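Examination of the molecular architecture
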Amino acid sequence: MKIDLSKPILDRNERFAAENRELFSEHGVFVLDLLASPGAGKTSTILATIAALRDRYRIAVIEGDIASDVDAQKIKAHGVPAVQINTGGACHLESDMIRRAVDTLEIAEIDLLIIENVGNLVCPTDFDLGENAKVMILSVPEGHDKPYKYPNIFARAEAVILNKYDTMPVFDFDEDEFREVVRRLNATVPIFPMAATKGPGVAEWAEWLAGRIEKQRAAAGR
Amino acid sequence: MHEMGIVSGILTASVDTAARKDAIRINEIRIRVGELTEIVDDALYFAFEALTPGTLAEGATLVVERVPGRSKCVQCGTSFSHGRFDVECPECNSYFCELVEGRELEIESIDIDLPDEAEAGEGP
């Protein structure tokens, strides 16, 4: 006997993601899901973003890592609320983990919530967390050909940060080819060259982000 | 490698449904997987073999239907299929296209045996 189910496999994840999104929009919180390989500069980018926007917006961070809370400690040392999620080996965050982390934060006191996903370019792209935008960081030493190997993450990102841009002279990185292949995957995505730990490019990225935060606040009537 | 989690989602939904119908076994599970997801078929079959023993789906066949990417042009309304690269309207060359299909991760159907069906099958 055949039974039609027509049901999403990630049903549970999608339900929690929809609930998260509803909660975030109700409070006018803009939620960023930051994706990159290990070592591309996710935490440095978050610290640079905090420095650029903390006078204008109230920021909180959710740190996703397989183990340890070193990243959350780094963020807290800057006086910003941070929650660490340990996935215990899992390669991505899921929406119910985000929900539990959000429950420990004062959601009404946040304008920008940054989620640092597990360092992985594959699995996180299939999981909706309820975020408003997925943003991808590629660092120059990883090479300009990475979008050929991990196309989905470039296709889904709403902005791409090209980090460690200051190391361009020592790596054989073809920026024209990189921009061309990203365009073929995601024609309208903005690319922000940046050196997160040094400063250049951070202002342009922060302005783009501020524009998105304002939109979310306006929609919530804040 | 998140296929383990995907397959455990498939099994939970399938086994729950089958158990509610008092099925004695699941013969087949059909799923639809979009070409634009990061799912690898071999990893699905591997996880399926690892996770099914001892469940109603032990010995069942997993059938994976791949769904190609398909978008609709926001400017002129043309619907067209595509891969991961160069999602551009073939009619008006616009890049403003909305994805219609290609990110599916869906359980389509299951085929089960009910107690009386099995007896009928074994009879003369």
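One can find the structure itself at the top, above this paragraph.
Residues numbered from 1 in each chain as written. Chains lettered and ligands numbered in written order. Predicted model: local features only at pLDDT ≥ 70, side-chain atom pairs only at ≥ 80, totals over all residues. Heavy atoms only, no water.

1. Quick word on the overall build of chain A
Which entries qualify depends on this criterion: Strands here are runs of E lasting at least two residues and helices are runs of H or I lasting at least four, both read from the DSSP assignment and numbered beginning at the N terminus. Only protein chains enter the area calculation, which uses a 1.4 Å probe; residues under 20% of their type maximum are buried, those over 50% are exposed, and those in between are partly exposed. For this analysis, residues touch if any pair of their heavy atoms sits within 4.5 Å. Computed with the Shrake-Rupley method and a 1.4 Å probe, the accessible areas treat only the protein chains shown as cover for residues. Charge convention: Lys and Arg are scored as positive, Asp and Glu as negative, and His as well as the terminal groups of each chain are ignored. Charge positions are represented by NZ for Lys, CZ for Arg, CG for Asp and CD for Glu.
Within chain A, the secondary structure is distributed over 8 helices and 8 strands. The principal-axis extent of the C-alpha atoms belonging to chain A is close to 60 × 50 × 35 Å. Out of the 222 residues in chain A, the part that is buried amounts to 56%. Across chain A, contacts joining residues at least 24 apart in sequence account for 73% of those joining residues at least 6 apart. Summing over all exposed atoms, chain A offers an accessible surface of approximately 9200 Å²; the carbon and sulfur share of this is 50%. Once the 26 positive and 35 negative side-chain charges of chain A are each reduced to a mean point, those two points are 2 Å apart.

2. Some details on the interface of chain B and chain A
Heads up, the rule is: One side-chain nitrogen of Lys or Arg within 4 Å of one carboxyl oxygen of Asp or Glu is enough to make a salt bridge. Under this definition, polar contacts are N or O atom pairs within 3.5 Å; protein pairs additionally need one hydrogen-donor-capable and one acceptor-capable atom, and for neighbouring residues in sequence, both atoms have to be side-chain atoms.
Listed by partner, the interface residues are 30 residues for chain B and 29 residues for chain A. Arg184 of chain A is paired through a salt bridge with Asp86 of chain B; the nearest N and O atoms lie 2.8 Å apart. One can count 12 residue pairs in polar contact (both at pLDDT 80 or more) joining chain B with chain A. Breaking the side of chain B that touches chain A down by element, the ones donating at least two residues are α1 (3-20) and β6 (105-113) of chain B.

3. With respect to the packing of α1 of chain B against helix α2 (residues 41-51) of chain B
All names here are of chain B. What counts here: Helix axes are fitted only over the stretch in contact, all axes being lines through C-alpha atoms; the angle between N-to-C directions runs from 0 to 180 degrees. When describing relative orientation, an angle under 35 degrees is termed roughly parallel and one over 145 degrees roughly antiparallel, while 65 to 115 degrees is termed roughly perpendicular and anything else oblique. What makes a crossing left-handed is the near helix being turned counterclockwise from the far one by less than a right angle; a clockwise turn instead makes it right-handed.
Running from amino to carboxyl end, α1 crosses α2 at an angle of 55 degrees, the nearest separation of the two axes being 9 Å. As far as their axial angle goes, α2 and α1 are oblique. Between α1 and α2 lies a crossing whose hand is right-handed. When α1 is examined against α2, the residues Glu3, Met4, Ile6, Val7, Ser8 and Leu11 are found in contact with a partner set consisting of Ala43, Leu44, Ala47, Phe48, Ala50 and Leu51.

4. Considering the side chain of Asp111 of chain A
All names here are of chain A. By the secondary structure assignment, Asp111 is in the loop between α4 (95-103) and β5 (112-116). Among the polar contacts listed, one links the side chain of Asp111 to the side chain of Arg217, at a separation of 2.9 Å. A distance of 2.5 Å separates a polar atom in the side chain of Asp111 from a polar atom in the side chain of Arg222. The residues touching Asp111, leaving out its near neighbours within four places in the chain, are Gly28, Val29, Phe30, Tyr57, Arg58, Ile213, Arg217 and Arg222.

5. What about unusual backbone geometry?
The backbone of Lys164 of chain A shows a phi angle near 60 degrees, a positive value even though the residue is not glycine. Inspection of the secondary structure assignment puts Lys164 of chain A in the loop between β7 (159-163) and α7 (175-185). When its relative accessible area of 27% is taken as the criterion, Lys164 of chain A is described as partly exposed. Here Asp22 of chain B, not a glycine, exhibits a phi torsion of approximately 60 degrees, which is positive.

6. What about the pattern of salt bridges?
All names here are of chain A. What the rule picks out here adds up to 27 salt bridges over all chains. Here Glu109 makes a salt bridge to Arg58, at a shortest N to O gap of 4.0 Å. Of the two residues, Glu109 sits in the loop between α4 and β5 while Arg58 sits in the loop between α2 (42-53) and β3 (59-65), which places them 51 residues apart along the sequence. Taking the shortest distance from any N to any O, the salt bridge between Glu175 and Arg179 comes out at 3.0 Å. Here Glu175 and its partner Arg179 are both found in helix α7, 4 residues apart, which amounts to about one turn of the helix. Its relative accessible area of 32% is what places Arg179 among the partly exposed residues.

7. Describing the state of the cysteines
Disulfide: a covalent bond formed between the sulfur atoms of two cysteine residues. Basically, it comes down to this: Pairs of cysteine sulfur atoms within 2.5 Å are what we label disulfides.
If you walk through the whole model with that rule in mind, you get 0 disulfides over all chains. Cys123 of chain A carries a free sulfur, and the closest cysteine sulfur to it, the one in Cys91 of chain A, is 3.2 Å from it. On the basis of relative accessible area, Cys123 of chain A is assigned to the buried category, the value being 0%. Free of any disulfide, Cys92 of chain B has its nearest cysteine sulfur in Cys73 of chain B, 3.6 Å distant. Residue class for Cys92 of chain B comes out partly exposed when judged on its relative accessible area of 35%.

8. Things to note about the sheet that holds strand β1 (residues 25-34) of chain B
The condition is simple: Two strands pair under a simple rule: DSSP has to find at least two bridges between them.
The strand order across the open sheet formed by 4 strands is β1(A)-β6(B)-β1(B)-β2(B), and the pairing between neighbours is mixed. Each end of this open sheet is capped by a strand with a single partner; those strands are β1 (2-8) of chain A together with β2 (61-67) of chain B. Taken pair by pair, the neighbouring strands of this sheet meet at an average axis angle of 20 degrees, ignoring direction. Relative to β2 of chain B, β1 of chain B runs parallel, the two being bridged by 7 bridges.

9. Some thoughts on the side chain of His144 of chain A
Residues and elements named next belong to chain A. Along the chain, His144 turns up in the loop between β6 (133-139) and α5 (146-149). On the basis of relative accessibility, which here comes to 16%, the residue His144 falls in the buried class. A polar contact of 2.9 Å, which involves the side chain of His144, links it to the backbone nitrogen of Asp174.

10. Examining the nonpolar core
In plain terms, the rule: Side-chain atoms within 4.5 Å are what join buried Ala, Val, Leu, Ile, Met, Phe, Trp, Tyr and Cys residues into a set we call a nonpolar core.
Core analysis: the largest hydrophobic core is formed by 33 residues, its most contacted members being Leu53, Val61, Leu112, Ile114, Val135, Trp205 and Leu209 of chain A. By size, the runner-up hydrophobic cluster in this structure holds 29 residues, among which are Ile3 of chain A together with Ile6, Ala60 and Leu62 of chain B.

That's the geometry; what it means functionally is another story.
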